[in-house]
Amino acid sequence: MDATTDSRPAEAAADAAAGLPADFLWGVATSAYQIEGAHEEDGRTPSIWDTFCRVPGAVVGGENGDTACDHYHRMPDDVALIAGLGVDAYRFSVSWPRVQPGGRGPANARGLAFYDRLVDELLAKDVLPWITLYHWDLPQELEDAGGWPARDTAHRFADFAELVMDGLGDRVRHWTTLNEPWCSAMLGYEQGVHAPGRKDFPEAIRAVHHLLLGHGLAAQRLRAAAPEPIQLGITLNMGTAYPASDRAADRDAARRADGLGARIYLDPLLRGRYPADVVADLALAGAELPVQDGDLELIAEPLDLLGVNYYSSHVFSGTPEHGEPEAAPTGEPFSRIVPQQLPVTAMGWDIIPRGLTDLLVRLGRDYPGLPLYITENGAAFDDTAAPDGTVEDADRTAYLADHIRAVAAARTAGADVRGYFAWSLMDNFEWAYGYDKRFGLVRVDYDTQRRTPKRSALWFSDTVRRHREQRGG
Ligand code: IFM
C-alpha cells in the first residue's frame, strides 16, 4: 500500500455522501459510561470502570465517569440535540450495573426506567433507537468472580440481555450485543490499559472466547424473547493490516495482526470456526481458546448485520527496523507497526480513509451476504473553543468527509454498507485518556455542561439533510 498518498485533506466536503443510496442510515453514537454520570443513582452499582478509574495513574488526570456529561439528568435535551441534527438513528449502550446491579438477579426497575424514557423520547422525535448491550461496563462483582476469562460471565451476560429485551423489546428493533470485544479482551486483560487492568495474554484469550460465547448466548435469548423480529448484530473494531512489502516476513506479520485483530472474531461468528493459523499462533504464545462442545454453534448464531468501528489502519513489518527477519525475544515471530508519516488525529492515530474502503470491500468478499453498518467513525482533535463555545473544527469535518467518501467508494466496489454513525454525538469520557481527548460533534463544557454544536456537527447535519432531500425524504 502507498499510504503516503492516502490522506490528503478533503478538497470539498460538500459531496461526501454522493453515491450513497436513498435508504442509507445516518446516526450518531455514544456509550453509557462515557456520558451518563449518575454513577450512584437509582440503584446503580460500580462497574469495572468505576473501580479502574480509582487506581492511581490508570486514567489521565485521575478522571472518572462519575458525572461525565450528566446525560442521565439531561437526556431529554440531549435527545432534542440529536433530533436537531436530523439523523435517522441514535446508537447508545445500556449500563449493565444500572439495569442489573451486581450483574445477577432481577432488573432494577429504576435503572431500566431511564432507558424506557430514552427510547420513548427518541421515538417521539422520530429517531431510531439502536441499542448496544455491552460497551465495557462489566459489573464489578462479575469481575471479582473472574471477569470475562471466566465462562460464567458469558451466561450472566445472556441473562442481562434478556432483561433488557423484556423491558425495551416492544419498541426497539436494532440490537447489538458487544461493542469491540477486542478492546474488552486485549486492552482490558492483556495490555492492562483499560479496566479491569490485568496483564495476562492467556487470560485475554480466554476472555475473547467467553465474550463471543456471551454474544452467542445473548443472541439466542434476544431472538427468543423478542416480541417481534429484530435486527441483531455485533460491533467489531477493525482496520486494514497492510504488509510493509511483498516479502514473506512482512506478509506474515500482517496476517498475524489481522488474525488476532479481526479473524479471531469474524471467523467463529460468520464461519463457525476459529482460524487454524490463529489457533497455531496462539499455541506458540502459550495461549488457548477454551472451546467446549457446542460453543461454536452458539457463537455462529446467524446475524442480521455487522457493526464496523473504524478509526485507522496499520502497516506491518516482520523484521526489526534495521535487520533481517528474526524471532522476537519471546520466540514468536517478529512484528512491528511501520510509521507512515501521515497526518494523525489527537490520539496519534494515522488518518487512512482508504483503509476503511479496503476493509469494507474485504468484509463483503470474505464474509458475503451480511449487511454492514459503520457503527463508529470519528476523530479527536485539539479543539479550540471561542468564548461562545463554538469550535471551527475543519480537521474533524475533513476526517468525516473523507471517511464517508471511503464508505461510498466501498459501496461502488460492491460492499453492502447500509449506514454510518459518527462517533461521537458529544465530547465525553475517553476512557484512559479522561476528558482530554474530544471526539464530539458537539462540544461539552464540563464546568457548565453546556452543549455547543461544533462546525463539524453543522456540516454533518447539512450532509444528512441534503442527502435526504436528494433521496426525496
Ligand atoms: O470512545 C471510544 C469508544 O468507546 C469505542 N470505540 C473507540 C472510541 C474512540 O476511542
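In what follows, the structure referred to is the one given above.
Residues numbered from 1 in each chain as written. Predicted model: local features only at pLDDT ≥ 70, side-chain atom pairs only at ≥ 80, totals over all residues. Heavy atoms only, no water.

(A) The site of the ligand, seen in detail. Taken together, Gln 34, His 135, Trp 136, Asn 179, Glu 180, Tyr 311, Trp 349, Glu 376, Trp 423, Glu 430, Trp 431 and Phe 439 make up the full set of residues near the ligand. Here an oxygen atom of the ligand sits 2.7 Å away from a polar atom, N or O, in the side chain of Gln 34. In the model, an oxygen atom of the ligand is placed 2.8 Å from a nitrogen or oxygen of the Trp 431 side chain. About the coverage of the ligand: the protein hides 95% of its 280 Å² of free accessible area. In terms of residue class, the shell around the ligand is made up of six nonpolar, three polar and three charged. (Near = heavy atom within 4 Å. Polar contact = N/O pair within 3.5 Å; in protein donor to acceptor, adjacent residues only side chain to side chain. Areas by Shrake-Rupley, 256 points an atom, 1.4 Å probe, with all protein chains shown as cover. Nonpolar A, V, L, I, M, F, W, Y, C, P; charged D, E, K, R; others polar.)

(B) Quick peek at the pattern of salt bridges. Summed over all chains, the structure comprises 49 salt bridges. For Arg 206, the salt bridge identified is with Glu 203, shortest N-O distance 3.8 Å. Here Arg 206 pairs with Glu 203, and both are found in helix 9 (residues 201–225), just three residues apart, close to one helical turn. On the accessibility criterion, Arg 206 (31% relative accessible area) is partly exposed. When the shortest N-O distance is used, the salt bridge between Arg 255 and Asp 277 registers 2.7 Å. Separated by 22 residues along the polypeptide, Arg 255 in helix 10 (residues 248–271) and Asp 277 in helix 11 (residues 276–284) bring together distant segments of the chain. (Salt bridge = Lys/Arg side-chain N within 4 Å of Asp/Glu carboxyl O. Helix = DSSP H or I, 4+ residues; strand = E, 2+ residues; numbered from the N terminus. Buried < 20%, exposed > 50% of the residue type's maximum accessible area, 1.4 Å probe, protein only.)

(C) Local environment of the sheet that holds strand 9 (residues 336–337). If you trace the three strands from one edge of the open sheet to the other, you get 6-8-9, paired in mixed fashion. At either margin of the open sheet sits one strand with a lone partner, and together these are strand 6 (241–243) and strand 9. Across three bridges, strand 6 lies against strand 8 (residues 314–317) in parallel orientation. Across the sheet, Tyr 242 pairs through a bridge with Val 315, a residue of strand 8. Across the sheet, helix 10 lies against strand 6 and strand 8, angled at about 170° from strand 6, the strand it touches most. (Pairing = 2+ DSSP bridges. Contact = heavy atoms within 4.5 Å. Axes fitted to C-alpha atoms, helices over the stretch in contact; angles between N-to-C directions.)

(D) View of the environment of Arg 466. Tracing the backbone shows Arg 466 in helix 15 (residues 455–470). Taking the C-alpha atoms as reference points, Arg 466 and Asp 15, separated by 451 residues in sequence, lie 9.4 Å from one another.

(E) Region of the structure containing the pairing of strand 1 (residues 25–29). Burial of strand 1 is extensive: five of the five residues sit out of reach of the surface. Taking every second residue as pointing to the same face, both faces of strand 1 are buried, with Leu 25, Gly 27 and Ala 29 on one and Trp 26 and Val 28 on the other. As judged from the five bridges shared by strand 1 and strand 11 (residues 417–423), these two strands associate in the parallel manner. Within strand 11, the position partnered with Gly 27 by the bridge is Phe 421. Where strand 1 and strand 2 (residues 89–93) come together, three bridges link them in parallel fashion. Across the sheet, residue Ala 29 finds its bridge partner in strand 2, namely Arg 91.

(F) Local environment of the environment of Gly 364. One can find Gly 364 in helix 13 (residues 353–366). The class for Gly 364 is partly exposed, based on a relative accessible area of 28%.

(G) Geometry of the packing of aromatic side chains. All told, the structure shown has 29 aromatic pairs when counted by the stated rule. One aromatic cluster in this structure is built from Tyr 33, Trp 49, Phe 52, Trp 136, Phe 429, Trp 431, Tyr 435 and Tyr 446. Sitting over the ring of Tyr 72, Arg 98 keeps its end group 4.1 Å from the ring centre. (Phe/Tyr/Trp six-rings, centres within 6.5 Å; stacked < 30°, edge-to-face > 60°. Lys NZ or Arg CZ within 6 Å of the ring centre and 35° of its normal.)

(H) Quick look at the sheet that holds strand 11. Sheet architecture is closed into a barrel: eight strands sit in the order 1-2-3-4-5-7-10-11, paired in parallel fashion. Across this sheet, the average inter-strand angle for adjacent strands is 25°, counted without regard to direction. Both strand 7 (residues 305–309) and strand 10 (residues 372–376) contribute to a ladder of four bridges, which runs parallel. Residue pairing across strands places Leu 306 opposite Leu 372, the latter belonging to strand 10. Each of strand 1 and strand 11 is contacted by helix 15, which is oriented at about 160° to strand 1, the strand it contacts most.

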